[in-house]
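So you can see what is in the structure, the chains are spelled out below.
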Amino acid sequence: MKFEGSHILSVSQFNRDAISRILEVSSLMAPYAMRKKRCHVLEGAILNNLFFEPSTRTRVSFGAAFNLLGGSVRETVGQENSSLSKGESLFDTARVISGYSDVIAMRHPTMHSVEEFSKGSSVPVINGGDGANEHPTQALLDLFTIQSEMAPHNKTLDGLNIVLMGDLKHGRTVHSLSKLLSLYKNMKVTMISPDALKMPDSIISSLTNAGHEVVITDKIEHNLSCDIIYQTRIQQERFASKDEANLYRGHFSLNKEVYQQFCQEHTVIMHPLPRDSRPEANELDSDLNDLDNLAIFRQAQNGVLVRMALFALTLGVENKLSQFEKPVTWYTNK
Ligand code: CP
């Protein structure tokens, strides 16, 4: 696929070669993200970060990724701080903001809104999450994490045994990740959720049509013997009320005791974060924090590499990185 000038709206736009290229360029970003060297290949370029829904990791890592390549970042946070709140359309907003930008990253609570926005934009738009629909950059960083966590065990993306657990109905990260997994071969994907929060049928079909074994269950214990557990939060913001979300909180808590009893020695735990650490939810107990196989913070860090790669690819500078290097001149312990 041609990356330069393209919007990144859905994982469905990628084939396996495109994913390989994104993961390869992401690896090239490690020296810059680890402050071994600086790169100013995007000096003079402007990212507009438009976040109309709460975010910590996605918004800040998009900004950090752009800064690490030498670019500048402008931010709008919350619809109330934008003229969308005065009735301006996504199309008009895109026409205006794209005139001020070289690339735009956007999160919005409405499904397919980022795609609608992209139609008015003259610069690449990257989807940072559109309602319960998709979160493509999260899925790419999840795949990068799975690949790097499995490499020491001589495992590749093909043939893995993966558990997706929690709110699979509303969790856009598991929707996007499942679509990407359907590009690989011979996987077993176990989906653990209450029946009411089951993965949408279209996504289950994308996995079964690709020849993967899919197991659907509402039981945790004997289903956790796998390579990767991908835990998710009950997406309270997608329910009609907090009381309805509360019906499902705490059903699938993973703690050290459960991990030690039911997982394999190498089972890696992932979570897109934020995890809900309130006692009534506690989906990923803090007693797992000292476990080497808890990959959640490495996963969040990988978001910087993958987002740097997407900026480099969409702005056509992925082959120029080494021409724009400088030494790091400040203290760093990374
Ligand atoms: N994983 C993720 O999207 O986190 P934020 O909501 O904090 O951006």
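Residues numbered from 1 in each chain as written. Predicted model: local features only at pLDDT ≥ 70, side-chain atom pairs only at ≥ 80, totals over all residues. Heavy atoms only, no water.

Trainee: Whenever I open this one, the overall build of the protein confuses me. Can you help?
Mentor: A count of helices and strands for the protein gives 11 helices and 11 strands. In terms of overall size, the protein behaves like a compact globule, its C-alpha atoms giving a radius of gyration of 20 Å where 334 residues would be expected to give roughly 20 Å. Relative to its full complement of 334 residues, the protein shows a buried share of 55%. Put simply, of all contacts in the protein between residues at least 6 apart along the chain, 77% involve residues at least 24 apart. Accessible area for the protein stands at about 14400 Å²; split by element, carbon and sulfur atoms hold 47% of it. If you average the places of the 34 positive and of the 38 negative side-chain charges in the protein, the two averages end up 5 Å apart. (Helix = DSSP H or I, 4+ residues; strand = E, 2+ residues; numbered from the N terminus. Rg over C-alpha atoms; globule rule 2.2 N^0.38 Å. Buried < 20%, exposed > 50% of the residue type's maximum accessible area, 1.4 Å probe, protein only. Contact = heavy atoms within 4.5 Å. Areas by Shrake-Rupley, 256 points an atom, 1.4 Å probe, with all protein chains shown as cover. Lys, Arg positive; Asp, Glu negative; His and termini not counted. Charge placed at Lys NZ, Arg CZ, Asp CG, Glu CD.)

Trainee: Just checking my understanding: could you explain the site of the ligand for this structure?
Mentor: Lining the immediate environment of the ligand, one finds Ser-55, Thr-56, Arg-57, Thr-58, Arg-107, His-135, Gln-138, Pro-272 and Leu-273. Measuring from an oxygen atom of the ligand, one finds a side-chain N or O atom of Ser-55 at 2.6 Å. A distance of 2.9 Å separates a nitrogen atom of the ligand from a polar backbone atom of Pro-272. If the ligand stood free it would expose 260 Å²; the protein chains cover 91% of that surface. Of the residues belonging to the shell around the ligand, the class tally is two nonpolar, five polar and two charged. (Near = heavy atom within 4 Å. Polar contact = N/O pair within 3.5 Å; in protein donor to acceptor, adjacent residues only side chain to side chain. Nonpolar A, V, L, I, M, F, W, Y, C, P; charged D, E, K, R; others polar.)

Trainee: When you look at the packing of helix α1 (residues 16-28) against helix α6 (residues 136-150) in this model, what are you seeing that I'm missing?
Mentor: To characterise two packed helices, one gives the angle between the axes of the helices and the distance between these axes. Packing of α1 against α6 leaves a shortest axis separation of 10 Å and a crossing angle of 70°. Between α1 and α6, the angle falls in the class roughly perpendicular. Side by side, α1 and α6 meet where Ile-19, Ile-22, Leu-23, Ser-26 and Ser-27 of the first sit next to Leu-140, Leu-143, Phe-144 and Gln-147 of the second. Among the residues making up the contact of α1 with α6, the classes are represented as six nonpolar, three polar and no charged. (Axes fitted to C-alpha atoms, helices over the stretch in contact; angles between N-to-C directions. Parallel < 35°, antiparallel > 145°, perpendicular 65-115°, else oblique.)

Trainee: I tried to follow the nonpolar core on my own but got confused; where do I start?
Mentor: The nonpolar side chains of soluble globular proteins are, as a tendency, buried together. Counting residues in hydrophobic clusters, the biggest one holds 66 residues, and the most contacted among them are Phe-14, Met-29, Leu-69, Ile-146, Leu-164, Met-308 and Phe-311. Here this core gets nine residues from one element, more than from any other, and that element is helix α11 (residues 296-314). Here Leu-69 is in contact with Met-29, Cys-39, His-40, Val-41, Leu-42, Glu-43, Met-308, Phe-311, Ala-312 and Leu-321, once residues within four sequence places are set aside. Within the second largest apolar cluster, 20 residues are counted, among which are Ile-220, Leu-224, Leu-273 and Ile-296. (Core = buried A, V, L, I, M, F, W, Y, C linked by side-chain atoms within 4.5 Å.)

Trainee: In this structure, what is going on with the environment of Lys-36? I would like to understand it.
Mentor: With respect to the element layout, Lys-36 can be found in the loop between α2 (30-33) and β1 (38-39). Through-space distance from the C-alpha of Lys-36 to that of Leu-291 is 27 Å; in sequence the pair is 255 residues apart. Those residues in contact with Lys-36, other than ones at most four positions away along the chain, are Pro-31, Val-328 and Lys-334.

Trainee: Would you mind showing me how to read the sheet that holds strand β9 (residues 228-231) here?
Mentor: Neighbouring strands of a sheet are bound in pairs by backbone hydrogen bonds; such pairs are parallel or else antiparallel. With parallel pairing, the five strands of this open sheet are ordered in space as β8-β7-β6-β9-β10. Where the open sheet ends on each side, the last strands, each with one partner, are β8 (213-217) and β10 (268-270). Looking at each pair of strands side by side, their axes are set apart by 15° on average, direction ignored. In the sheet, strand β6 (residues 161-165) pairs with β9 via four bridges, with the strands oriented parallel. (Pairing = 2+ DSSP bridges.)

Trainee: Explain the packing of aromatic side chains to me, please; I cannot follow it from the model alone.
Mentor: For any pair of aromatic rings, geometry is given as the distance between the ring centres together with the angle between the planes. Tallying each qualifying case throughout the model produces four aromatic pairs. Taking 4.9 Å as the distance between ring centres and 80° as the angle between the ring planes, the aromatic pair formed by Phe-66 and Phe-311 counts as edge-to-face. With Phe-66 in helix α3 (residues 57-68) and Phe-311 in helix α11, this residue pair connects regions lying 245 residues apart in the sequence. For the residue pair Phe-66 and Phe-311, the accessibility class agrees, reading buried in each case. Through successive ring pairs, a cluster of aromatic residues spans Phe-51, Phe-62, Phe-66 and Phe-311. Positioned over the ring face of Phe-62 is Arg-307, at 4.9 Å from the centre of the ring. (Phe/Tyr/Trp six-rings, centres within 6.5 Å; stacked < 30°, edge-to-face > 60°. Lys NZ or Arg CZ within 6 Å of the ring centre and 35° of its normal.)

Trainee: How should the packing of α1 against α11 be read in this particular structure?
Mentor: Contact geometry for α1 and α11: axes closest at 8 Å, N-to-C directions at 110°. The angle between α1 and α11 falls in the class roughly perpendicular. Seen from above, α1 lies across α11 with right-handed handedness. When α1 is examined against α11, the residues Arg-21, Ile-22, Val-25 and Ser-26 are found in contact with a partner set consisting of Leu-305, Val-306, Ala-309, Leu-310 and Leu-313. For the contact of α1 with α11, the per-class residue count stands at seven nonpolar, one polar and one charged. (Left-handed = near helix turned anticlockwise from the far one by under 90°.)

Trainee: How should I be thinking about the sheet that holds strand β4 (residues 103-108) in this particular structure?
Mentor: In space, the four strands of this open sheet follow the order β3-β2-β4-β5, with parallel pairing throughout. Here the strands that pair on one side only, and so sit at the sheet edges, are β3 (72-77) and β5 (125-130). Each strand of the sheet is rotated relative to its neighbour by a mean of 10°, with strand direction disregarded.

Trainee: I keep staring at the pairing of β3 and nothing clicks. Help me out?
Mentor: A regular strand places its side chains so that they alternate between the two faces of the sheet. The pairing of strand β2 (residues 46-51) with β3 spans six bridges and is parallel. The residue of β3 that forms the bridge with Asn-48 is Arg-74. Handedness of the crossover is the feature at issue here: the chain leaves β2, passes through α3, returns alongside β3, and the resulting connection is right-handed. (Right-handed = clockwise from strand over helix to strand, strands pointing away.)

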